[in-house]
Amino acid sequence: MTATGAGAHADRAADLLTGARRLVVFTGAGMSQESGVPTFRDAQTGLWASFDPNELATPQAFRRNPARVFGWYVWRARQVRSIQPHAGYVALVRLGAAFESFVVVTQNVDGLHQRAGSSGVIELHGRLDAFRCFDRGHPFDSAQLAALESPREGDVEPPPCPTCRSPIRPGVVWFGELLPAEAVARAHQAVAGCDALLVIGTSGLVYPAADLPWLALERGAKLIEVNPTPTPFSSRAHLSWRSTAASALPALAQALRPQ
Ligand code: BV8
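Tallying secondary structure elements over the protein chain gives ten helices and ten strands in all. In terms of C-alpha radius of gyration, the protein chain reaches 19 Å, essentially the compact-globule figure of 18 Å for 259 residues. Principal-axis analysis of the C-alpha atoms places the extent of the protein chain at approximately 55 × 35 × 30 Å. Within the protein chain, contacts between residues separated by at least 24 positions form 71% of all contacts whose residues are at least 6 apart in sequence. Within the protein chain, one finds 24 positive and 22 negative side-chain charges whose respective centroids are separated by 2 Å.

Okay, here's the thing in structure tokens:
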């Protein structure tokens, strides 16, 4: 079922969640779009407009042009620091209180769920504000980047690791890299045991994260999707709500409030 309005479809979503005790929320870049973070596949803005993120977010790209890739992440980390989570993030925190078990699994690296008050967030693709060295994974204090930050967008030479001198890299999972095993295990455990999975703002193109909605369906969970455009999940979702995160989630939290 595909839905577009807020009220009637918030009620439909609330009906589907009636009786559910264990809810998992699975978010992608669309969850942050209304807070001003460009989605991963929308055209990059500014200097990066001419780059395909899939081409920048790889270890090969970093090896080939460390300053270009590192500069992109320093710019993104700085951009996200000044961003506030929108009302949809806050509604998710409220929504969580209505369930016995409530787990947020995100593909996003911006930390906005936590900034809005969500706890126990499972981050499948790491964090923009975490940096480590490329060769040995020695943690690097991102406060040291402030001195490096160029006032403009552009290339930033990665500093050498103070311990082993290998170049510092962002603490995100690049294409071709394995996801953190513990996060994947926790996400699979939560989804395999959930009564419903709320999928928000993901194109469902990136694996293995995109396995999760298929796992939920396989286990008989209700699947509700919030996305202004269709995705591979839309035809199998119990409700595919053509709306945005900042609009649908407050409406759903309102519809779920005890009457
Ligand atoms: C892996 C961190 C095992 C970095 C990200 C060939 C070689 C190697 C691997 C592969 C290969 N072919 C395929 C693969 C697997 C690959 C993959 O899936 N590729 C895709 C592109 C086909 N996956 C991997 O490489 C993963 N690792 O498989 O390891 C392995 C190892 C070696 C060799 C083989 C296999 C690692 C994947 C993780 C990559 N890192 N992020 C960074 O951020 O810089 S992924 C990146 O995509 C972001 O995290 C993003 O969140 C994620 C998923 O994208 P979405 O979140 O869905 O964002 P998108 O822009 O696509 O969509 C936004 C959606 O929101 C849209 O639907 C839009 O309609 C909607 N929307 C917009 N506005 C709103 C909205 N919705 C609601 N409200 C709104 N306002």
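Across its 16 residues, helix H5 (residues 66-81) extends 22 Å between first and last C-alpha, which sits within 8% of the 22 Å expected from 1.5 Å per residue. Three or more residues of H5 are buried, namely Ala67, Val69, Phe70, Gly71, Trp72, Tyr73, Val74, Trp75, Arg76, Ala77 and Val80. Next to the buried residues of H5 lie helix H3 (53-56), helix H4 (59-64), helix H7 (112-116), strand S5 (126-133) and strand S7 (168-172).

To continue, consider the packing of helix H8 (residues 181-192) against helix H9 (residues 211-218). Where H8 contacts H9, the axes come no closer than 9 Å and their chain directions differ by 30°. If you check the angle between H8 and H9, you find them roughly parallel. Relative to H9, H8 is oriented so that their crossing is right-handed. Contacts between H8 and H9 involve Ala187, His188, Val191 and Ala192 from the former and Leu212, Leu215 and Ala216 from the latter. In the contact of H8 with H9, the residues fall into six nonpolar, one polar and no charged.

Once that is clear, we can look at the sheet that holds S5. Here three strands make up an open sheet; going across it, the order is S6-S5-S7 and the pairing antiparallel. Looking at which strands have only one partner, the edges of the open sheet turn out to be strand S6 (139-140) and S7. As paired strands, S5 and S7 are joined by four bridges and run antiparallel to one another. Along S7, the bridge assignment pairs cysteine 133 with isoleucine 168.

So, how was this worked out
- Residues numbered from 1 in each chain as written.
- Predicted model: local features only at pLDDT ≥ 70, side-chain atom pairs only at ≥ 80, totals over all residues.
- Heavy atoms only, no water.
- Helix = DSSP H or I, 4+ residues; strand = E, 2+ residues; numbered from the N terminus.
- Rg over C-alpha atoms; globule rule 2.2 N^0.38 Å.
- Contact = heavy atoms within 4.5 Å.
- Lys, Arg positive; Asp, Glu negative; His and termini not counted.
- Charge placed at Lys NZ, Arg CZ, Asp CG, Glu CD.
- Expected span 1.5 Å × (residues − 1).
- Buried < 20%, exposed > 50% of the residue type's maximum accessible area, 1.4 Å probe, protein only.
- Axes fitted to C-alpha atoms, helices over the stretch in contact; angles between N-to-C directions.
- Parallel < 35°, antiparallel > 145°, perpendicular 65-115°, else oblique.
- Left-handed = near helix turned anticlockwise from the far one by under 90°.
- Nonpolar A, V, L, I, M, F, W, Y, C, P; charged D, E, K, R; others polar.
- Pairing = 2+ DSSP bridges.

From the geometry alone we can't say anything about function, so treat these as descriptive.
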